[in-house]
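What the coordinates show
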Amino acid sequence: MCYAIPGRVAEVKDGVAVVDYFGEKRNVLCDFADVRKGEYVYAQGGVLISKIPEKEAVEILEAWKEKFFELKELDRTTSKIHENADASGNILQILQKVNRNQELGKKDALELLGTDDGEDIKLIMETANNVRQKDHDNACCVHGILEFSNYCTQDCMYCGIRKGSSVKRYRMTPEEIIDAARHASKELGFKALVLQSGEDPWYDDEKLERIVREVRRLDVLIFVSIGMRPKETYKRLYDAGARAALLRFETSNKDLFEKLRPGTKLEDRVQLIRDLNDMGYVVATGFLTGLPGETNEDLVNNILLTKELGADMYSFGPFIPTDGTPLQSESKPDVDRVLKATALARFMDRKSKILVTTALETVDKGAKKKGLMSGGNSLMINITPSKYRDLYRIYPGKAGNDKKTEENINDTIELLYSLGRAPTDLGL
Ligand code: SAH
């Protein structure tokens, strides 16, 4: 099974290949392999991942051809905006700005976020989905996430695997990690894998480097998601073949950050994200929504900071109160607030991908679809071996944990097809 379809190299210039997908052209960076015009390749997140023999590529493309155009057509239909006379006048005015491609200011954003009217929210979501279709077409990345250790030296007050938590700990050996990645790539067809853990120094630079080097040999785009590590560690991992990093700044509100993440500083985390960008990493970053004490203004600032950091992918989801943490009795997450934030991010940063998180789906079965219909265009599927899955308990009741990975893949593909989305990554 394939999550990324092959493309044909139309041209190569200055280390960038123009790749053709049934007439659609995308630019991809080709520092992993020398390619020539006419060759077939897989690309993910704007990075060329591997070459494919022509015969194999042509066969796959033949199988995809009809579906490719069929899905696009369905997406075009599904993403039309319906007339909505019942939406409020001020909301209509702001959405007209969006339709005219004008930038939204903070005041507009706060206005959109502030409405609780069902008709307003419906129109905001539809408009965001329409913008997503126009600017990004129907591609939806589906990355695999492997949670390889729940040991953590940090004591973040919201997190179920914080140092002070009594959760049973596990760490996968480098061999187990490489085997799980091999299974995900070779048997399940993933072209991009996120390697995530708590901040666990047991994995020193040497171990991490070896893991990245071996996983990279499987021809996948590697995201590292290992928290605050020295810049030099990330540089080493880049040199070993990691090309993407997932690191949320969690909240742009300095006071809230320092209260919820004792002993750490927002500036340091933000600086590391900037450094990752400078090193050439594809950067996925974002925040938690609905942290206790968070205002609407904080949420808008979170989106603006994600944009300022040059995020290639937005990753934000609801904070879910977790038993055994200091925030266990806080209020339940508000799904509409996350959906409005998704739409806002889509309006305020048109070029970026937006991840629809498992946390959102955990709060509301069916929210994955709502997220995809509010501007989201990226998903992750858990590929952690089942014996460890429940132990990576950053929050309880994680959606999909009760099912086999194969089942989650089938459900995801079925959902994406029903909306006219292609579970593939066409590059930039
Ligand atoms: N050590 C890595 C990975 C942390 S876990 C790092 O520091 O980046 C991945 C993400 O889970 C965190 O960035 C945080 O935003 C999210 N998370 C933690 N606790 C959560 C909770 N209770 N509800 C929802 N998301 C949570």
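Residues numbered from 1 in each chain as written. Predicted model: local features only at pLDDT ≥ 70, side-chain atom pairs only at ≥ 80, totals over all residues. Heavy atoms only, no water.

1. Describing the pattern of salt bridges
Throughout the structure, instances matching the rule amount to 33 salt bridges. The residue R182 makes a salt bridge to D179 at a minimum N-O spacing of 2.9 Å. Of this pair, R182 and D179 both sit in helix α5 (residues 174–187), three residues apart, roughly one helical turn. For D179, a relative accessible area of 44% corresponds to the partly exposed category. A salt bridge links R217 to E214; the shortest N-O distance between them is 3.9 Å. (Salt bridge = Lys/Arg side-chain N within 4 Å of Asp/Glu carboxyl O. Helix = DSSP H or I, 4+ residues; strand = E, 2+ residues; numbered from the N terminus. Buried < 20%, exposed > 50% of the residue type's maximum accessible area, 1.4 Å probe, protein only.)

2. Quick notes on the nonpolar core
Counting 103 residues, the largest nonpolar core has Y281 and F347 as its most contacted members. Counting contributing residues per domain, this core is built from domain 2 (89–131) and domain 3 (135–419), each supplying no fewer than three. I5, A17, C30 and L71 belong to the second-largest nonpolar core, a separate cluster that totals 35 residues. (Core = buried A, V, L, I, M, F, W, Y, C linked by side-chain atoms within 4.5 Å. Domains from an automatic or database assignment.)

3. A few points about the site of the ligand
Taken together, 19 residues are adjacent to the ligand, and Y158, S197, R248, E250 and I320 come closest. With respect to the ligand, the backbone of I320 contributes an N or O atom lying 2.8 Å from a nitrogen atom. Within the side chain of T322, a nitrogen or oxygen atom sits 3.4 Å from a nitrogen atom of the ligand. Protein burial of the ligand: of its 550 Å² of free accessible surface, 93% is covered by the chains. Partitioned by chemical class, the residues of the shell around the ligand number ten nonpolar, five polar and four charged. (Near = heavy atom within 4 Å. Polar contact = N/O pair within 3.5 Å; in protein donor to acceptor, adjacent residues only side chain to side chain. Areas by Shrake-Rupley, 256 points an atom, 1.4 Å probe, with all protein chains shown as cover. Nonpolar A, V, L, I, M, F, W, Y, C, P; charged D, E, K, R; others polar.)

4. Some details on the domain arrangement of the chain
Structurally, the chain comprises domain 1 (7–78), domain 2 (89–131) and domain 3 (135–419). Each of domain 1 and domain 3 has a C-alpha centre, and the two are 27 Å apart. Contacts between domain 1 and domain 3 engage 17 residues on the former and 19 residues on the latter. Buried area between domain 1 and domain 3, summed over both chains or domains, comes out near 1600 Å², and the portion from carbon and sulfur atoms is 58%. In terms of surface lost to domain 3, no three residues of domain 1 exceed F32, Q44 and I49, which account for 32% of the buried area on that side. (Contact = heavy atoms within 4.5 Å. Buried area = accessible area lost by both parts, 1.4 Å probe.)

5. Structural notes on the packing of helix α10 (residues 296–308) against helix α11 (residues 335–348)
Helices that pack against each other are described as a pair by the angle of their axes relative to one another and the distance between those axes. Contact pair α10 / α11: the axes reach a minimum separation of 10 Å and the direction vectors enclose 40°. Classified by the angle their axes make, α10 and α11 are oblique. For the pair α10 and α11, the crossing hand works out as right-handed. Counting all contacts with α10, which are made through N296, L299, V300, I303, L304 and K307, the residues of α11 involved are R337, A341, L344, A345 and M348. Tallied by class, residues from the contact of α10 with α11 come to eight nonpolar, one polar and two charged. (Axes fitted to C-alpha atoms, helices over the stretch in contact; angles between N-to-C directions. Parallel < 35°, antiparallel > 145°, perpendicular 65-115°, else oblique. Left-handed = near helix turned anticlockwise from the far one by under 90°.)

6. Quick notes on the sheet that holds strand β8 (residues 221–225)
Read from one edge to the other, the open sheet built from eight strands follows the order β14-β12-β10-β9-β8-β7-β6-β15, with strand pairing classed as parallel. A single partner strand is all that each edge strand has here, and the edge strands are β14 (353–354) and β15 (378–382). By the bridge criterion, two bridges tie strand β10 (residues 282–285) to strand β12 (residues 313–314) in an arrangement that is parallel. Following the sheet pairing, T285 is matched in β12 by Y314. (Pairing = 2+ DSSP bridges.)

7. A closer look at helix α3 (residues 106–114)
Taken together, the buried positions of α3 are occupied by D108, A109, L112 and L113. For α3, the arc enclosing every buried residue in end-on projection is 130°, short of the 170-degree limit, so these residues lie on one face. Those residues of α3 that are buried are in contact with α2 (89–99), α4 (118–136), α10 and α11. (Arc of directions from axis to C-beta.)

8. Quick look at the pairing of strand β4 (residues 40–44)
Of all five residues in β4, five are buried; the element is thus mostly enclosed. On β4, burial covers both faces: Y40, Y42 and Q44 on one face and V41 and A43 on the other are all buried. The pairing of β4 with strand β5 (residues 47–52) spans five bridges and is antiparallel. Within β5, the residue paired with Y42 across the bridge is S50. If you look at the hairpin formed by β4 and β5, you'll find two residues sitting between the two strands, and G45 has a positive phi there, around 55°.

9. Looking at unusual backbone geometry
In this structure, D137 is a non-glycine residue whose phi angle is positive, near 65°. Looking at the secondary structure, you find D137 in the loop between α4 and β6 (141–149). According to the relative accessible area criterion, D137 is buried, its value standing at 17%. Of note in this structure, E250 is not a glycine but carries a positive phi near 75°. Relative to the assigned elements, E250 resides in the loop between β9 (244–246) and α8 (254–260).

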